[in-house]
Structure formats: C-alpha cells, structure tokens
Amino acid sequence: MNIYTDIEDEVDAVRNTIYDEIKDMSAAEELAYFNAAAEEAQTKYHIRVIPGIPEGAVY
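The following refers to the structure shown. (Residues numbered from 1 in each chain as written. Predicted model: local features only at pLDDT ≥ 70, side-chain atom pairs only at ≥ 80, totals over all residues. Heavy atoms only, no water.)

For the rest of this paragraph, the subject is a nonpolar patch on the surface. A contiguous nonpolar surface patch, about 330 Å² in accessible area, is contributed by Tyr45, Ile47 and Val49. Tracing the sequence through the fold places Tyr45 in the segment after α2 (27-44). Residue Tyr45 is classed as exposed on the basis of its relative accessible area, which comes to 54%. (Patch = residues over 30% accessible without salt bridge, like charges linked within 9 Å, V, L, I, M, F, W, Y side chains within 5 Å. Areas by Shrake-Rupley, 256 points an atom, 1.4 Å probe, with all protein chains shown as cover. Salt bridge = Lys/Arg side-chain N within 4 Å of Asp/Glu carboxyl O. Helix = DSSP H or I, 4+ residues; strand = E, 2+ residues; numbered from the N terminus. Buried < 20%, exposed > 50% of the residue type's maximum accessible area, 1.4 Å probe, protein only.)

Here we come to the pattern of salt bridges. This structure, assessed with the given rule, holds one salt bridge. The salt bridge involving Arg15 is made with Asp12; its shortest N-O contact spans 3.4 Å. You can see Arg15 and its partner Asp12 sitting in helix α1 (residues 6-22), three residues apart, about one turn around the helix.

If you want it as structure tokens, here you go:
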C-alpha cells in the first residue's frame, strides 16, 4: 500500500529548485554552493560540527 502525502510534493519542489540553481555549475561551484548552505544552516540553527573519523582510520 502506497500512502502519498503533500510532503513528497514539497520535497520534490525543493529538489527541483536546487537542481535549477546548480545545473550549469562546475563541480567546484557546486561544492561551494553546498558548503555555503551548510555554513548558513550551522549558524542559523547553532549546529556544532564534530570532526569525523580520519580516512583510513581503523577503530
């Protein structure tokens, strides 16, 4: 059974908006776009970023 909700329309609209904004960007420009959005969210919502596990680390 598939239950369809309005939230799916909202998520699709956000995806389409982001796609329209980045579709002509280079990879470096896309990275800068998403980094700027992440920094804005961190500031707005007081998110503290905890460093991840270094690449190649074994735990």
